Amino acid sequence: MSGGDHTAAQAAPGQGVASRPGPGPAVSWLGQRLRLRVPKGLGRGVVSGIPLGWLLVFFLLPFAVVLKISLADTAIAMPPYTALLDWDGEAVATLQLNFGKYLFLLEDTLYLAAYAGSLKVAAVSTLFCLLIGYPMALFIARQPAERRPLWLALVILPFWTSLLLRVYAWIGLLQHNGVINNILISLGIIDQPLVMMQTDFAVYLGVVYTYLPFMVLPLYATLEKLDDTLLEAAADLGSAPWKAFLTVTLPLSRPGMVAGSMLVFIPAVGEFVIPALMGGPDTLMIGRVLWDEFFNNRDWPMASAVAVVMMVVLVIPVMLLRNGQNKTAEHG
Amino acid sequence: MMRRRSTSLKVLALTGFAFLYLPIVTMVVLSFNESRLVTVWSGFSPKWYGELLQDDQILGAAAISLKIAFISASLAVVLGTLAGFALSRFNKFRGKVALTGMVSAPLVMPEVITGLALLLLFVAMEGLLGWPKGRGVVTLIISHVTFCMAYVAVVVQSRLADMDGVIEEAALDLGARPWRVFVDITLPMIAPALVSGWLLSFTVSFDDLVISAFVSGPGYSTLPMVIFSKVRLGVSPEVNALATMMIVVVGIGVVLFTWNAARLHRMRQREERAAAAGL
Amino acid sequence: MTQASLAQAADPRKPWTDPAAQPFVRIEAVTKKFLDFTAVDAVSLDIYRSELFCLLGGSGSGKSTLLRMLAGFETPTSGRIIIDGQDMTDVPPYERPINMMFQSYALFPHMSVEQNVAYGLKQDGVPKADIARRVAEMLDLVKMGSFARRKPHQLSGGQRQRVALARSLVKRPKLLLLDEPLGALDKKLREETQFELMKIQQALGITFIVVTHDQEEAMTLSSRMGVMNHGHIVQVGEPHDLYEFPGSRFVAEFIGSVNLFEGTLVEDEPDHVRIESPDAGCTLYVNHGISSAPAQQVEVAIRPEKIRLSRQHPGQTDNVSAGVIDEIAYMGNLSIFQIRLNSGKMIRVTRPNLDRYDEMPLQPKEPVFCSWGPASGVVLSA
């Protein structure tokens, strides 16, 4: 080793090999300790504290406000609800809780039907997304590696364009004098335009179409990681391709199916835009009901009560389920 | 690698892609239709693009949306990076459980609930503190940052989880203080995640209708709000033209991004092969 | 300490033989617990200046955790770490005069070779000209001078290893920690690099602590080594001592391979012991005393290369046992014989292949005598 001698001379034993300049050990110890202790905890506190504080104020606190207002009564005022705490000038404050909105939620079947309707639309659409998205993901995963990014880009492209505009695109196709009806009539297949817009069918179509990329991407991610030699082993052991698919590929792609289904189901449950634009007057989805309570009826306490029940009935179970899934994924 | 020629799979998959692109292609074609009756073809004309560029309402809304998306995405990247970093690199800190729970919650929260909750908060805050005054740019930005930072935090967190923490330890070991390590090592290494987090936030913010509708006030209509009110009245040739323009912009972006990523990947593979061969 | 090392007078190159020598690194009863798992259990260890000390152990033995506590990435649950007279237990990694070479090398992927090596010096505010000079010197030392502008992904595994070494040495640390430094290299490169590493260590005079699971690597590199198991240091010593005088069955089996015979102590004199071993099928005679009560059950370890094979009885009464060759594995430089003793026990014997051609080679199924000298066996207490 040619450079060895040279460096050895610099680092002779006894000579300070420490590279830190500075005062003698005793002083520097004290200095280092003081300098160190304070910023260490502080830095971490600031880094975690800023986003934590933001979310506490702008995410958690709002739900407390929603809960509070759901217990108030409607009033013709701005803001249009009664106060919970009445201050009568003396030292006595009266707390007025009003459970009327919740009772009304139970009495009027409209709300129950809307919650059920949301679940149904989300569940059925998720199933269809899975059926349509699985072959797409498998197809991409089986393309040669250099062509996969192109196909993926084709899946991602609609996902990056506006949801609103993608829903809008269907209206031109489906409406009374839309492209589909025009073509079918000009071909002589039908005489009267089909009614496709403002139906439940249109809502399902819109939800499936909008959230299909959310299904394909996680499915692809799972299928792409699948070891090809597993299928070769299955074939080697005498399994026909479709059987190998059913016994090897399908069970192993379960994590992707679960992740994709979550990504479709969760936003579909609370969907507002699609039922508002494509659904009929009898398409009941809870997101739309909440919107109407707030914007059309200006009943803020009612809208809040709908939101609270939606949180308890739909969102919290989904979050728990998701956490459970994440935990199993970590341990599996 | 086993290549099975499965025609049925190909047919099913291509049908899926056709389903994905049929409405988009139709909309692009119809944007060049001369007729105001949108779906009845009466000849090629780019005139709706001209009309669109004259439409002050749409242009104004687009300007508001671009501004809000830009500011929100930038703030969300800062907050989301802090959150993602704290969650994946700090062992324990006060509020870790709360932060873990809240950081991705906006992603599963129905937009109607988030929108309503934020509006009620802003009304209550204005009543108590006098801030924010009315609804407008400030309330829009606060709301958009809140749900966009969730996207950034998730992207940053997964990037940090993939990234070997040993590299940061190496920098500490060489004498860099924690904040230097963050600036010199962590930031450059998560830069791709920050870019995609920003782009994702920008898109989500620019596209948001529901939450914006709750928290914006009169005079502050974002582009999706204007489109929504137009679409409620039926299809409009101007919206077709607008949608086509947006798809072209996004399309070019996605194609460039994919092409560039593929190019870098190929280059890197070449260099790694050369290095392994001892060149 | 074993007889062999005590026999020598205090050797200046072997400060651990001198009771008055001050240790450079002092690990005092260090324990590290993760939740309810104890990774390192009350380990005490002294390491002297300019040593190349190897911590040898399997995965989960606690060797890496001990190294990470020395580097400052983990804080001990209890105990102290003193380096060059200063208590380092709670000092963060960036304040310690210690550098580490990581198993995965942990090169900064976005920086060139030069920038990687310069990084540590920059943190100390070394003047630019000095940085450039020291980086260039260090890259020359590891023969990477012509790769200064490359990025890590443009280097081969061996080249990355050199850059990592240069980066950890450039600050002239008081102590260099190396975590499986050769683990990622292929066999041939590993052997070459071992000697280079030793040369560099001797040239710079820096104290090295190397963690490895590879016993051959530890034997080659180290001035002394410590064998770890289940969070404890089982035995510390020079490679020769650990191989020839293992203190326990674990060490005997972990370092090299060994034949173990159970038996009963029948004679325990200061200069020899006799052990009756039905296992071996003979009386075992070992020429060192162990001072235990007679009739005690003990184990005797005999290395495979210390056993001689012969067709004729060697003529000694103790330390000889008859058997039949079961299998022979030809390894080129030596052959490994599996032999079934008449007691039924299988033993392993290695023989160097001294000649290119053997007129009458030993064949499988052939009966043989296995014998060894009085100094070959080691009586294990545990």
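Everything quoted here is computed from the prediction, not taken from an experiment. (Residues numbered from 1 in each chain as written. Chains lettered and ligands numbered in written order. Predicted model: local features only at pLDDT ≥ 70, side-chain atom pairs only at ≥ 80, totals over all residues. Heavy atoms only, no water.)

Description of the overall build of chain C
Counting its secondary structure elements, chain C contains nine helices and 20 strands. Structurally, chain C occupies a C-alpha span of about 75 × 50 × 45 Å along its principal axes. Classification of the 382 residues of chain C by burial places 53% in the buried group. If you take every contact in chain C between residues at least 6 apart in sequence, the share linking residues at least 24 apart comes to 64%. (Helix = DSSP H or I, 4+ residues; strand = E, 2+ residues; numbered from the N terminus. Buried < 20%, exposed > 50% of the residue type's maximum accessible area, 1.4 Å probe, protein only. Contact = heavy atoms within 4.5 Å.)

Some points on the overall build of chain B
The helix and strand inventory of chain B stands at twelve helices and zero strands. Reading the secondary structure of chain B in the N-to-C direction produces α-α-α-α-α-α-α-α-α-α-α-α. A principal-axis box enclosing the C-alpha atoms of chain B has dimensions of 70 × 65 × 35 Å. The buried share of chain B, reckoned over its 279 residues, is 53%. For chain B, restricting intrachain contacts to residue pairs at least 6 apart in sequence, the fraction spanning at least 24 positions comes to 67%. Accessible surface for chain B amounts to roughly 12600 Å². Of this, 67% is attributable to carbon and sulfur atoms. (Areas by Shrake-Rupley, 256 points an atom, 1.4 Å probe, with all protein chains shown as cover.)

Overview of the environment of M69 of chain C
Residue and element names in this part refer to chain C. Relative to the helices and strands, M69 resides in helix α2 (residues 63-71). The class of M69 is buried, set by a relative accessible area of 0%. For M69 and V40, which are 29 residues apart along the polypeptide, the C-alpha to C-alpha distance reads 10.0 Å.

Structural notes on the pattern of salt bridges
Residue and element names in this part refer to chain C. Evaluation of the coordinates by the stated rule reveals 32 salt bridges over all chains. Between E114 and R149 there is a salt bridge, and its shortest N-O distance comes to 3.5 Å. Residue E114 is located in helix α3 (residues 113-123), and its partner R149 is located in the loop between α4 (128-141) and α5 (157-169); the two are separated by 35 residues in the primary sequence. Across the salt bridge formed by E196 and K143, the nearest N and O atoms sit 3.9 Å from each other. Of this pair, E196 sits in helix α6 (residues 187-204) while K143 sits in the loop between α4 and α5, and the two are 53 residues apart along the sequence. For E196, a relative accessible area of 15% corresponds to the buried category. (Salt bridge = Lys/Arg side-chain N within 4 Å of Asp/Glu carboxyl O.)

Considerations on the confidence of the model for chain C
Residues and elements named next belong to chain C. Of all residues in chain C, 96% attain a pLDDT of 70 or more, and the chain-wide mean is 90. Low confidence marks residues 1-7, where pLDDT is under 50. Its contacts with residues over four positions away, or in another chain, come to eight contacts. Our summary of model confidence lists the complex with pTM equal to 0.85 and ipTM equal to 0.91. (pLDDT = per-residue confidence, 0-100.)

Some points on the sheet that holds strand β17 (residues 334-341) of chain C
All names here are of chain C. Taken in spatial order, the five strands of this open sheet run β15-β19-β16-β17-β18, and their pairing is antiparallel. Two strands lie at the open edges of the sheet, namely β15 (308-310) and β18 (346-352), each paired on one side alone. Averaged over all adjacent pairs, the angle separating strand axes in this sheet is 45 degrees, with direction ignored. Note: β17 against β18, seven bridges, orientation antiparallel. Considered in β18, the bridge of F337 is made with V349. (Pairing = 2+ DSSP bridges. Axes fitted to C-alpha atoms, helices over the stretch in contact; angles between N-to-C directions.)

So, the side chain of S125 of chain A
Here S125 of chain A is to be found in helix α4 (residues 109-141). In this structure, S125 of chain A is in contact with Y204, V207 and V208 of chain A, ignoring residues within four places of it in sequence.

Some words on unusual backbone geometry
Residues W131 of chain B and P132 of chain B are joined by a peptide bond in cis, for which omega reads -5 degrees. Note on placement: P132 of chain B falls in the loop between α6 (111-129) and α7 (137-162). Phi is positive for A42 of chain C, which is not a glycine, with a value near 45 degrees. Following the sequence through the fold, A42 of chain C ends up in strand β2 (residues 37-47).

Some remarks on the packing of aromatic side chains
To describe a pair of aromatic rings, you give the distance between the ring centres and the angle between the ring planes. Applying the stated criterion across every chain, the model contains 34 aromatic pairs over all chains. Seen in terms of ring centroids, W170 of chain A and Y209 of chain A are 5.4 Å apart; in terms of plane orientation they differ by 85 degrees. Their pairing is edge-to-face. Of the two residues, W170 of chain A is situated in helix α6 (residues 163-174) and Y209 of chain A in helix α8 (residues 200-225); the sequence distance between them amounts to 39 residues. This pair shows no difference in class: W170 of chain A is buried, exactly as Y209 of chain A is. Three or more aromatic residues link up through ring pairs in this structure, and these residues are F272, W291, F294, F295 and W300 of chain A together with F214 and F228 of chain B. In this structure, R44 of chain A packs its charged tip against the face of F90 of chain B, placed 4.4 Å from the ring centre. For R167 of chain C, the ring lying beneath its charged end belongs to F108 of chain C, and the centroid distance is 4.5 Å. (Phe/Tyr/Trp six-rings, centres within 6.5 Å; stacked < 30°, edge-to-face > 60°. Lys NZ or Arg CZ within 6 Å of the ring centre and 35° of its normal.)

Quick word on the side chain of K171 of chain C
Tracing the backbone through its elements, the reader meets K171 of chain C in the loop between α5 and β7 (175-179). Overall, K171 of chain C belongs to the buried group, its relative accessible area being 7%. Of the polar contacts made by the side chain of K171 of chain C, one reaches the backbone oxygen of L174 of chain B; its length is 2.7 Å. Only 3.5 Å separates the side chain of K171 of chain C from the side chain of D124 of chain C, close enough to count as a polar contact. (Polar contact = N/O pair within 3.5 Å; in protein donor to acceptor, adjacent residues only side chain to side chain.)

Regarding the nonpolar core
Counting residues in each nonpolar core, the largest one holds 215 residues, and the members touching the most others are L290 of chain A together with I113 and F214 of chain B. When sequence neighbours within four positions are dropped, the list of residues in contact with L290 of chain A reads A303, V306, A307 and M310 of chain A together with V112, I113, L116 and F214 of chain B. Among the nonpolar cores identified, the runner-up in size contains 46 residues, and V126, F147, A166 and V227 of chain C belong to it. (Core = buried A, V, L, I, M, F, W, Y, C linked by side-chain atoms within 4.5 Å.)

Let's talk about the interface of chain A and chain B
Contact with chain A, which involves 86 residues of that partner, is made by 88 residues of chain B. Buried surface at the junction of chain A and chain B, summed over both partners, amounts to about 8000 Å²; 82% is from carbon and sulfur atoms. On the surface where chain A and chain B come into contact, there are zero salt bridges. Among the elements that take part in the side of chain A that touches chain B, helix α2 (residues 25-70) of chain A stands out by supplying 20 residues, more than any other. (Buried area = accessible area lost by both parts, 1.4 Å probe.)

A word on the environment of E305 of chain C
Residues and elements named next belong to chain C. Relative to the assigned elements, E305 resides in the loop between β14 (297-302) and β15. Spatially, the C-alpha atom of E305 lies 9.6 Å from that of S257, the residues being 48 residues apart in sequence. Ignoring anything within four residues of it in the chain, the contact list for E305 reads Y243 and T350. Within the structure, E305 has its side chain in polar contact with the side chain of K306 (distance 3.2 Å).

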